[in-house]
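Analysis of the macromolecular model
If you want the building blocks of each chain, they are given just below.
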Amino acid sequence: MRQTPLALALGVALATSVHAETLPVFVGETIVVTPTRFPQALSGQTANTTVITRQEIENSPQATLPEILAQQAGIGMRDLYGNNAAASTVDLRGFGAAADQNTLILLDGRRLNDIDLSAIDWSALPLAAVERIEIVRGGSSVLHGAGAVAGVVNIITRSPLRQADQAVGKLQLGSHNTRNYQLTGNLAGETAGLRVTADHYRSDGWRANNENRQNSANGDARWKHALGEWVFKFGGTSQTTRLPGPRTVEPDAGLDEVATDSEGTNTPLDWAKRKGYQAGLNGSFEFGRNDVLFALDYRNKQQQAYFDFGGFPEYKDADLDMWNFAPRARLPFETGSVAHSLVVGADLQRWDYRLHTANSPANIGTPINRVDAEQNSAALYAHDEMQLNPATRAALGGRVEWFEIDANDQYDPTAPGGLFGSGALGGSQDETEYALELGLNHRLAPQHALFSRIARSFRFATVDEIYGFSPGFAHEFQFLKPQTSHDAQIGWEWGSGTRRLRSAAYYMRVKDEIHLDIYSVGVGNTNFAPLERYGLEFDAHARLGAVDWRAAYTLAYAEFTDGTLDGVALHGKDVPLVPRHKLALGALWHVDGQTRLSADVQYVSSQRMENDELNRFTQKIPGYTLVDVKLVRQIGNWQLAAALNNLFDEDYYTYAVHSASNADRFNAYPLPGRSGWVSVEYAFE
């Protein structure tokens, strides 16, 4: 594997004074918005909620949001290429291949999951723009709608009103010819402010044909007035990535590209591009004790991708528009001695999706297929939090959501390359689903609390899940039933600030899970047999002297409970891509008031490969252990940092798919060995 001279730079940086002074302390109560869609204190939540703070983000050796999330209990991460999270998946509570559509990702409350199967563009938001990350584990469809089956991750960006007037420039250099240039400006008065972050990233990547180029800009403008606040958020991004594809292993044929040429590629011509922009206007108002908030958001995403397929090329050009309108109100009232905080609201969403396919970019003007889809959803919900007594809080909520999709495919056999193509008959689908939630939090003592929750959640199939090829390689639409889930969890938490413990046990039963299986009847998507997921999550934080310690452990089971596949019973079979054990350890040493040294250790056990629902293959994705370290030194307005990732040069991969026809063959996506970076940052005040 390629080595880096940055180890020397890190070693030099470590030669610094050793004192423990001016340690940060916990101040005040953390405020969260995700559990109820209105700001409230973190303590006493009936939802299983944790927060990754701004300080924890700054201290982490990890360079991307998915890597930071993977250090938390109950959250896994898969990556294909290891280049700025360009193809990463965050998996909450073991959904495997379907994780992208069962963990709802929000940016300031705005949905990032799309009605196609494209990955979240994690790298479009630099870490410098993130204030905190709120994680709600367990079904959350009452407040957040379809797709919040496993839970919600809400990324909260920084407000200009809580920052000093300054401009910050940052330069980061790393392995594989990586360059990252970043500029942040913040200007604020007592009632108005503006914050803008611009970022340019480029890297050749660890593998051949693995280049990544990205530009992004994000802004936040807000104005406080007598009744509340107006917030306007905007941003845009463009990304070009080369796609190195998998490495093939077939021992019977003497083939093992993972071992002999892990950095190579068999797809030197494949690439993908993405660009888009978004804008959102939020208005919040206080009328006595009542709060009213509305959010109007628009987002556009354009994607192009080229796949050579060994001389049978395919080019795709997709365009997606999304509108969202979300008015809601919080209405406090009392019934006897019980204090209520009732949240009522509506969610209205519209998606317009257009896909053109051709055999080359030059021929996209006369496409082989023109796919158009329009998806609309409307929902009403109510969620009431009740303070039953000083020690006990309960929550009860419900939601009704109406969903419709219309899709058609225009096929042109006279288009270049269209002679052997096909078109799909158009169709439509209308569905109505509901969600329920009941939660309880009981404080046994000032430092001890029990929490529990039961919920019903749901999700609908995406456009990419209903459109594709039949086993006879003919295009078709296949509309699927909505997926539903019932889950229950119970937990205990102790402490706050720098000393806290949290543990939780959960059980989830999923019916009609929407699953991609390219070898089944229809377009390859199906409603699976019933599944269950259950496990334990544990996390702890403590400060001993000058060191903050952190531990997070996950025990996860994901199994089929009924049904057959290829005539074989599925009962008791493990769901692929779900590791049984995951352990993350972290330490932060406050060397002195200006110097911090952090280290993360993460162990992930072996897991079944994709396409092994019957558990018939002996090969698994091997378990692995990663060690990452980071050093930060503050010198006046300067901040210097250096990091090493995968310190011990572990050979590993987090995703592999097994051949359905050859029991000895699979494709894997190796990830980078030891790599590192250094950065310099200056604040102009």
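Just so it is clear, the structure is predicted and the values come from calculations on it, not from any experiment.

Each value, and the rule that gives it
Residues numbered from 1 in each chain as written. Predicted model: local features only at pLDDT ≥ 70, side-chain atom pairs only at ≥ 80, totals over all residues. Heavy atoms only, no water. Helix = DSSP H or I, 4+ residues; strand = E, 2+ residues; numbered from the N terminus. Rg over C-alpha atoms; globule rule 2.2 N^0.38 Å. Buried < 20%, exposed > 50% of the residue type's maximum accessible area, 1.4 Å probe, protein only. Contact = heavy atoms within 4.5 Å. Areas by Shrake-Rupley, 256 points an atom, 1.4 Å probe, with all protein chains shown as cover. Lys, Arg positive; Asp, Glu negative; His and termini not counted. Charge placed at Lys NZ, Arg CZ, Asp CG, Glu CD. Phe/Tyr/Trp six-rings, centres within 6.5 Å; stacked < 30°, edge-to-face > 60°. Lys NZ or Arg CZ within 6 Å of the ring centre and 35° of its normal. Salt bridge = Lys/Arg side-chain N within 4 Å of Asp/Glu carboxyl O. Pairing = 2+ DSSP bridges. Patch = residues over 30% accessible without salt bridge, like charges linked within 9 Å, V, L, I, M, F, W, Y side chains within 5 Å. Polar contact = N/O pair within 3.5 Å; in protein donor to acceptor, adjacent residues only side chain to side chain. pLDDT = per-residue confidence, 0-100. Core = buried A, V, L, I, M, F, W, Y, C linked by side-chain atoms within 4.5 Å.

Turning our attention to the overall build of the chain. Tallying secondary structure elements over the chain gives 6 helices and 41 strands in all. By the compact-globule yardstick of 26 Å for 685 residues, the chain fits well, its C-alpha radius of gyration being 25 Å. Taking the principal axes of the C-alpha coordinates as reference, the chain spans close to 70 × 65 × 50 Å. Taken over 685 residues, the chain has a buried fraction of 56%. Within the chain, residue pairs in contact and separated by at least 24 positions form 66% of the contacts whose partners lie at least 6 positions apart. Accessible area of the chain: about 27,700 Å², with a carbon and sulfur share of 60%. Treating the 60 positive side-chain charges of the chain as one cloud and the 80 negative ones as another, the clouds have centres 4 Å apart.

On to the packing of aromatic side chains. Inspection of the entire model under this criterion finds 23 aromatic pairs. Between Y682 and F684, the ring centres sit 4.6 Å apart and the planes meet at 75°, which makes this aromatic pair edge-to-face. Cluster of aromatic residues (ring-pair linked, three or more members): W230, F285, F287, F294 and F325. Sitting over the face of the ring of W271, K273 holds its NZ or CZ atom 5.4 Å from the ring centroid. The ring of F95 is capped by R533, whose NZ or CZ atom sits 3.8 Å from the centre of that ring.

The next thing to look at is the pattern of salt bridges. Enumeration over the complete set of coordinates arrives at 40 salt bridges. One salt bridge in this structure joins E374 and R350, with 3.0 Å as the shortest N-O distance. Residue E374 is found in strand β21 (residues 369–389), and its partner R350 is found in strand β20 (residues 338–358); the two are separated by 24 residues along the sequence. E374 gets classed as partly exposed once you look at its relative accessible area, which sits at 27%. R350 sits in the partly exposed class, given a relative accessible area of 32%. One salt-bridge network, in which partners are shared between bridges, spans D108, D220, R222, K224, E229 and K233.

This part covers the pairing of strand β9 (residues 151–157). Residues in a regular strand point their side chains to alternate faces of the sheet. The buried count for β9 comes to 7 of 7 residues, which makes it a mostly enclosed element. The alternating pattern of β9 places G151, V153, I155 and T157 and V152, N154 and I156 on opposite faces, both of which are buried. Note: strand β6 (residues 103–107) against β9, 5 bridges, orientation parallel. When the sheet's bridge partners are listed, L106 is paired in β9 with N154. Direction of pairing for strand β8 (residues 130–137) relative to β9: antiparallel, over a ladder of 7 bridges. Residue pairing for β9: V136 is matched across the bridge by V152.

Together, L194, V196, F232, F234 and L281 give the surface a local cluster of nonpolar side chains, amounting to about 360 Å² of exposed area. Secondary structure elements with two or more residues in the nonpolar patch: β12 (192–203) and β14 (228–242). Among the residues examined, L194 registers a relative accessible area of 39% and is labelled partly exposed.

What follows concerns the side chain of K301. Here K301 shows up in strand β18 (residues 290–307). Engagement of the side chain of K301 in a polar contact is seen with the side chain of D114, the distance being 2.6 Å. Polar contacts involving the side chain of K301 include one to the side chain of D116, which spans 3.3 Å. Here K301 is in contact with D114, D116, S118, R274, K275, G276, A318, D319 and L320, once residues within four sequence places are set aside.

With respect to the secondary-structure elements, T248 resides in strand β15 (residues 247–250). Overall, the relative accessible area of 8% leaves T248 in the buried class. If we skip the residues at most four places from it in the chain, T248 touches L255, D256, E257, V258, R665, F666 and N667.

On to the environment of D539. Here D539 shows up in strand β31 (residues 531–544). For D539, a relative accessible area of 12% puts it in the buried group. Between the C-alpha atom of D539 and that of R500, which follows or precedes it by 39 residues, the distance is 8.4 Å.

One open sheet holds the 4 strands; their spatial order is β16-β15-β40-β39, and the pairing between them is antiparallel. What marks the edges here is a single partner per strand, and that holds for β16 (255–256) and β39 (653–658). Taken together, the 3 bridges between β15 and strand β40 (residues 666–670) define a ladder with antiparallel strand orientation. By the bridge assignment, T248 is partnered in β40 with N667.

Quick look at the confidence of the model for the chain now. Mean pLDDT over the chain works out to 91, with 94% of the residues at or above the 70 mark. In the model, residues 1–28 has pLDDT below 50 throughout and makes 58 contacts with residues more than four positions away in sequence or in other chains. Throughout residues 518–523 the model reports pLDDT below 50, and contacts reaching past four residues in sequence, or to other chains, amount to 20 contacts.

This next bit is on unusual backbone geometry. With phi around 55°, N177 is a residue other than glycine that occupies positive phi space. By secondary structure assignment, the location of N177 is in the loop between β10 (166–174) and β11 (178–188). The exposure class of N177 is partly exposed, given its relative accessible area of 34%. One non-glycine residue with positive phi stands out, namely D649, at about 60°. Within the secondary structure, D649 sits in the loop between β38 (638–645) and β39.

Glancing now at the sheet that holds β6. Spatial ordering of the open sheet is given by β3-β8-β9-β6-β7, a layout of 5 strands whose pairing is mixed. Each edge of the open sheet carries a strand with a single partner, namely β3 (48–52) and β7 (110–111). The sheet contact formed by β6 and β7 spans 2 bridges and is antiparallel. Counterpart to L107 in the pairing with β7 is R110.

Okay, the nonpolar core next. In this structure, I115, Y353, V463 and F477 are the most contacted members of the largest nonpolar core, which totals 30 residues. Listed by contribution, the elements that provide at least two residues to this core are α4 (141–144), β19 (314–335), β20, β21, β22 (392–411) and α6 (463–466). Beyond its immediate stretch of four places on either side in the chain, V463 contacts I115, Y353, A373 and I405.

This part covers the environment of D165. Its location among the elements puts D165 in the loop between β9 and β10. Sequence spacing of D165 and F285 is 120 residues, and the spatial spacing of their C-alpha atoms is 26 Å. Non-local contacts of D165, meaning those with residues more than four positions away in its chain, are made with N186, L187, A188, F684 and E685. Engagement of the side chain of D165 in a polar contact is seen with the backbone nitrogen of A188, the distance being 2.8 Å.

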